[in-house]
Each structure stands twice: as C-alpha cells, then as structure tokens.
Amino acid sequence: MHTVQIAHVAKSFGSTQAVVDVSFDVERGEIFGLLGPNGAGKTTTIRMMLDIFKPDGGTVSILGGPMDEGKKDRIGYMPEERGLYQDLPLERCLLYLASLKGQPPAAVQERLTGYLERFDLAAHKDKKVKELSKGMQQKAQIINTILHQPELVIIDEPFTALDPINTQLVKDVMRELRAQGTTILMSTHQMHQVEELCDRILLIDDGYDVLYGSLDEIRRRYLGHAVLVSAVGDLPSLAGVIESVPHNGALKLTLADETGPQDILSDLVAQGVIVERFEIAVPTLDEIFIRVVADQ
Amino acid sequence: MHKLARIASHEYRRNVFKRSFLITLLSVPLIIALNVGIGFYLESRENDDSPVGYVDRSGLFADPAPVPVSGSAAPLDFLPFQAEEDARAALDSGQIQAFLVIPARYPGNRDATLYYLDEPGGGTIRQLLDFVQFNLLADRPEEVARRATLIGQGVIVRSLDARHEVPGDGPNFGIIMPMLIGFAFLFLLLMNASYLMQAVVEEKENRTIEVLVTSVSSRQLIAGKVLGTVAVGLTQLATWVLFGVTAVVVARSAGVEWFQNLTLDWQLILTAVALGLPSYLFTAAIMTAIGAITTSAQESQATGSIFFILHVVPLYLAGLLIGSPNAVLPTVFSFLPFTALLTIILRNIFASVPLWQVVVSFALQLLYAIAALWIAGRAFRLGMLQYGQRLDWRKLVKVRSS
C-alpha cells in the first residue's frame, strides 16, 4: 500500500513555476529520499503533500486519500524553516505541540521523558528553548516530529547542526521507526546519508521529477563503463583502456566500448599482475546527482 | 481537550503569567485610584468647616432658619455681625473663613459682597448660597424652600415606562454603571488591539507556523488565539470590576455622596455585558484578520484604527440616540456590528430599549462574532499563501475554499 501518491502536481506563484510536473509514490515502511538542488521544488512539493499549499494541478493522496484534519495527527513534519517557541521551557513546549497532535500531556509524558534521555536533553528540559544550542534545538525538533508516534514522518534536512554522534543517533532512530512500520520521507542534500538510509529516492530539478526509483536500480542505471583496479606495483599498459585516473586509492579505468571488464581482468592475470582489488566502478549518488542535474 | 481549547488555554496562560500583564492589570486601577485620591485631596483642601459670617443690613436675615444640608457635607455655622468692622476682625483672627455683607437694598439689586482672605471652596460657596436662598424664601412653605435649595433647578427625567429615572442633581454611580461597562469593553479593545493584530506574528517569526498548520486547522488556530486573548481581556475586566466594587464599598462606608443610595439597574448592566462580550469577540476577530492579511504592522494599525472609530460613532450621535432613542437610525444602529453596544447603552439612558431588540441584537452580535472568526481563519489561511503580497478582500468572502 502506498502511504503517499503524488501524480503530476504543479504549483506556481505569480510568474514563477515552482513545481511543473512531479509524480512519485512512497511505500509504507520505507525511507524515501526527496533530493534536488536548491530551488528545485522539494519544499513546495512537501507543502502540497501536507495541504499547506493547494496544487494548481495534479492529485495528492496521503494515507489513503486527500489530506484532511484527521490525518494531521498521523503525520509528523519537521519543516525546513523549523522552529519552536523560543520563550517556553523545552519540555512544556514539546508537550504543548504534542497536545496539538491529539496527545494529552499525561499520555505522552513517559515517552517524552524517554526521548529526552535518549537525546541527552533531560538535563535541559526546564531551560527555555532559546537557551539551547542549535544542535540541541535540532534534536528537540526531531523529538517533536516523532513524539506522537506518527505513521508518516516528513523531515527536511534532519542532520543539520548535528555532530557525528548525534547524526548516528538520529539515523538509528530513523531505522528503528522504519522497522516499526513508520514511513519516512526525508529531504536532504547529504547524499552519503541518503545512500546509507534511503530505500528509494526521487530527484527533482527545475520543478520536474528527473530520477526516481530504488537506489540499487538507479546505481545500475548509471553504471559507467569502467573498473576500479588496485595492484601491487604499477599497472602495465592495458588494451581497451581509454582513460586511467586515481580514485580512492585505486585506479579507475574507463574502458573502450568494445572492451569488457573480463577482458581487462584476463589481461592483468596474463601479465602476472598481483591484483589486490578489482571491481566494477559504481557511481556515487553525488556523481549521479551532478550528472543528472548537469544534463537537465 | 479540544485542540481549539488547548490553543486558547496556551495563549491565555502564556499571557497571564507574564510580569508585563500584572503591571498592565494593576496600572489601570492604580492610576484611577491616584486620580480619585488627588481629587479628594484637592476637594478636602477646598473645604473649610469654620463658620461664615454675615452682616445683614437688609433685615431679611434677622432670624435665620438653619439650612438643611444635602449628602455627607458638614453643615457650616453662619454667624451674624452687627458691623462690617467686627466681621473683618473675626476674619483676620481666623474665627470665620469669610463674611457676606448684605446691603439694605438687597434683594432688590441682588448685589451682596463676600469678603475673604483665602478663596472659600466650592462646598462653602454652595452652603452660603443655600443659606441666602433658603432664608429669602422663609415666608414660603418650608417644602418650597427645601425644593429650591436642595434640589435646585434640576429636572428629574423618567422614562415613559417609569423604569429609569435620572435625578435632578445628575446621575449617580449606579446609573452610569452600564455606560462604564460599555466603555470598559472599548478600552480593553484599544489596549489589546495591537496584540490581536500580531496574534500570529510570533509563530511567523519563530517558524512554528508550518508545524502548527500541519497539526490544527487555520480556523482552530485563529479561533483559539482570539478566544485566549479575549479571555485575557476578560480577566483584566473582572479584576478591574473587583477593584471597582472594593472602591465603591470603601467609598460608601466613607460616606461619599455619589456612592450613596445606589440604584443598580441589573437589567441594563446585564444588557451591557451580554452585548459587550460578543462585540468584543467580534472586533477581536476582525483585528486578528487585519493582522493576518496586511503586510506590515504600520498598515495593520492604520486599518485597525478605522474599525475602532466605527465603535465610537454612537458617541458622535449621542444627542440623537438619547433625544430620539426609538427613531429609525438608533434602532438600525442597535443591530449593526461595531455600533450596537454603545447605541443600546445610550438609548437606555432616558428610555427603555424593547427587550426584543436587545435579544435580536445579542443574537446578531453573536453571529457577527462567529462570522468574523471564520473570516479571520480564512484570512490567515489565504495570507499564508500570499507570500507577503496584499490579500484581496474579495477572496476572503468567497465561499469556496482555495
């Protein structure tokens, strides 16, 4: 079952067309990455999903139908322009915002205490939000997004301002939520986090969806005709190699069209080269991102 | 608890438990108490209860009758002197505070002379005039003399149904109480208008707005904020009323004349409260809507003042509303938003507004308030989509949701 189904949505503001034609589905219990360069239309798409903006065209189905008031309690949203009530003590602020998600403070208190301890914020629960560091406020935002146990989490740049330890903590929490069946839609620029976490992605550029599918499938789609080779000593001259460049402690050999990876491996063995590493060069998401956006 | 109630409760607690609220709350009664205190102090300085002398050359005051004194004022002694020199000596020695020389041809030319070292206060002058007037009418029945001195030229005004009466010496505190309630609502509105117009500014500034609108509807958010703010205003009003009641009790026990024989007309007071509440809610919602659709604080304040002026239009037409309370215009004004509260209060001073008009007006004010809350919610929703552009008023009243 699709938790989110977006079909050909479009939105313009005056003469600016923020989203032209975007379609994608998010399946239940997956972490979905929404990617795109700045101004591509990611935030507008999310806002249309959440009924903050009405689309000019296309359809949005969320949790099985159009967005309505009842569904707001089943969704956790951490927007790009995030914020909490700066003058309220942290715990009171989180309890109030949870109460607006239909969670009475008494019912949510125990869960909140657990999250505050896990995110190392328990000692700061009585401090005003404005007295917390950016990283602490970011963690508080994440707690606010998931405290009411939503079925769908929409989270924009979750790792901003977090140190490596807290980044890992957030990733662990996201994986746990996925394991519990929560659907997560994550918008981020941090490609290595997407590679680590996401099951599927959508790349938006200039208001259009330009790349959509599972990470493995996309990587296969963008496989270059190249191999990565690491060997003892220098590599001899190899037939069918048109370019050789260093790449992460190995050499990336770009092959001529008529040459296959097996040909190169056979040649290396035949020449008595002691091969330490030989693999098909898989493009990183960063490389795919740059390539796709540059092609548009 | 309903989400709207949670927002209202949050808004209320956030404002009431602030030091600035306490300062505002106490400053109004303190300023009033200070003004009243200064007034009483100046009045007490004016009142000198030492005797007043008189030199009677007309013979009209040979056997003066004691003059009845109205209210709580202490009666002054009037001492006769045979010669002006004796009176002057008594004045110089401080035995009397002033003396009046009544010439032989008085009252023909109505020309008497008052001598004093320090100008006597208003209370002394009033009693002196009463003394002269009362004794000039000594040959008439005492009832006539009393009416001339104590009641004076005042006209008692009674409504046709005899339910309301304003004494000749002016209304006392009980009579003006409904007007005070009406003005208290306007005062509250004036005090809270700028806050109402910026009801969602904090959420816009601290970026919680998107989290909020994905948790509650725009209407719940705006209605909750308006109701919370209205509750804050009513807390202020209730506190002031408490201070006022305490002051009245103290003033009554201290014998202040204005607070004696209070005739509280509960029907009028309830009418003022019943119309004041929805009128306040209505205008609060309108002010919030203005804040949601205008693009700057300056613009919202300018627009807000126009709506505030509409509230006080009945004051400019007070002559008509009081003089012809049941004419067409006063009746129409009694049903309109903004004008109903003061119009009905003013009409009720010398007449009785029919009960059906009060009931219909109350129902209409309630409807206006609900409609204004709806418009404010819609204004906020549309305002969010406008990206700082000016919102077309026509879009606000379109029924179809955008």
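Residues numbered from 1 in each chain as written. Chains lettered and ligands numbered in written order. Predicted model: local features only at pLDDT ≥ 70, side-chain atom pairs only at ≥ 80, totals over all residues. Heavy atoms only, no water.

So, the overall build of chain A
Phase 1: When you go through chain A residue by residue, the secondary structure sums to nine helices and 13 strands.
Phase 2: Counting only C-alpha atoms, chain A reaches 75 × 45 × 35 Å along its principal axes.
Phase 3: Within chain A, counting contacts between residues at least 6 apart in sequence, those at least 24 apart form 67% of the total.
Phase 4: In chain A, 29 side chains carry a positive charge and 43 a negative one; their mean positions are 9 Å apart. (Helix = DSSP H or I, 4+ residues; strand = E, 2+ residues; numbered from the N terminus. Contact = heavy atoms within 4.5 Å. Lys, Arg positive; Asp, Glu negative; His and termini not counted. Charge placed at Lys NZ, Arg CZ, Asp CG, Glu CD.)

Some remarks on helix H5 (residues 164-179) of chain A
All names here are of chain A.
Phase 1: Taking 1.5 Å per residue, 16 residues should reach 22 Å; H5 reaches 22 Å between its end C-alpha atoms and fits that length.
Phase 2: Of all the positions in H5, only Asn 166, Thr 167, Leu 169, Val 170, Lys 171, Val 173, Met 174 and Leu 177 are classed as buried.
Phase 3: On its buried face, H5 sits against strand S3 (31-35), helix H3 (105-118), helix H4 (134-146), strand S6 (152-156), strand S7 (183-187) and helix H6 (191-197).
Phase 4: Where H5 begins, one side-chain oxygen reaches toward the backbone nitrogen of Ile 165, 3.1 Å away; that side chain belongs to Asp 163.
Phase 5: Where H5 ends, the next residue or the one after it, Gly 181, has phi of about 100°, a positive value. (Expected span 1.5 Å × (residues − 1). Buried < 20%, exposed > 50% of the residue type's maximum accessible area, 1.4 Å probe, protein only. Polar contact = N/O pair within 3.5 Å; in protein donor to acceptor, adjacent residues only side chain to side chain.)

Structural notes on the interface of chain B and chain A
Phase 1: Contacts between the two partners involve 24 residues from chain B and, on the opposite side, 28 residues from chain A.
Phase 2: Interface of chain B and chain A: buried area, both sides summed, is about 2,600 Å²; carbon and sulfur atoms make up 57% of it.
Phase 3: Of all residues in chain B, the largest losses of buried area upon contact with chain A belong to Arg 6, Glu 210 and Thr 214 of chain B, amounting jointly to 24% of the total for that side.
Phase 4: Between the two partners, chain B and chain A, sit two salt bridges.
Phase 5: One salt bridge in this structure joins Lys 3 of chain B and Asp 73 of chain A, with 2.5 Å as the shortest N-O distance.
Phase 6: For the side of chain B that touches chain A, the secondary-structure elements that each account for two or more residues are helix H1 (3-16), helix H7 (201-205), helix H8 (209-213) and helix H15 (355-385) of chain B.
Phase 7: Ranked by the residues each element gives to the side of chain B that touches chain A, the list is headed by H1 of chain B, at five residues.
Phase 8: When grouped by side-chain class, the residues that make up the side of chain B that touches chain A number eight nonpolar, eight polar and eight charged. (Buried area = accessible area lost by both parts, 1.4 Å probe. Salt bridge = Lys/Arg side-chain N within 4 Å of Asp/Glu carboxyl O. Nonpolar A, V, L, I, M, F, W, Y, C, P; charged D, E, K, R; others polar.)

Focus on a nonpolar patch on the surface
Phase 1: Together, Leu 22, Leu 26, Leu 30 and Phe 243 of chain B give the surface a local cluster of nonpolar side chains, amounting to about 370 Å² of exposed area.
Phase 2: Per-element accounting of the nonpolar patch gives the leading share, three residues, to helix H2 (residues 19-46) of chain B. (Patch = residues over 30% accessible without salt bridge, like charges linked within 9 Å, V, L, I, M, F, W, Y side chains within 5 Å. Areas by Shrake-Rupley, 256 points an atom, 1.4 Å probe, with all protein chains shown as cover.)

Some words on the nonpolar core
Generally speaking, a soluble globular protein has its nonpolar side chains buried in company with each other.
Phase 1: Ranked by size, the top nonpolar core spans 134 residues in total, and within it Phe 24, Phe 119, Ile 143, Ile 154, Met 174 and Leu 185 of chain A carry the most contacts.
Phase 2: No other element matches the 14 residues that helix H10 (residues 266-293) of chain B contributes to this core.
Phase 3: If we ignore the near neighbours within four places in the chain, the residues touching Leu 185 of chain A are Phe 24, Val 26, Phe 32, Leu 34, Ile 46, Met 49, Val 153, Ile 154 and Ile 155 of chain A. (Core = buried A, V, L, I, M, F, W, Y, C linked by side-chain atoms within 4.5 Å.)

Comments concerning the pattern of salt bridges
Residue and element names in this part refer to chain A.
Phase 1: For the structure shown, the criterion picks out 21 salt bridges over all chains.
Phase 2: Residue Asp 199 pairs with Arg 178 through a salt bridge whose shortest N-O separation is 3.0 Å. Here Asp 199 is found in the loop between H6 and strand S8 (200-205), whereas its partner Arg 178 is found in helix H5, with 21 residues between them in sequence.
Phase 3: For Asp 199, a relative accessible area of 30% corresponds to the partly exposed category.
Phase 4: Accessibility expressed as a relative area gives 22% for Arg 178, which makes it partly exposed.
Phase 5: Here the salt bridges share partners, and the residues they tie into one network are Lys 171, Asp 172, Arg 175 and Glu 196.

Overview of the side chain of Lys 139 of chain A
Residue and element names in this part refer to chain A.
Phase 1: Inspection of the secondary structure puts Lys 139 in helix H4.
Phase 2: At 3.4 Å, the side chain of Lys 139 forms a polar contact with the side chain of Asn 166.
Phase 3: Setting aside anything within four residues of it in sequence, one finds Lys 139 in contact with Phe 119, Asp 120, Leu 121, Leu 162 and Asn 166.

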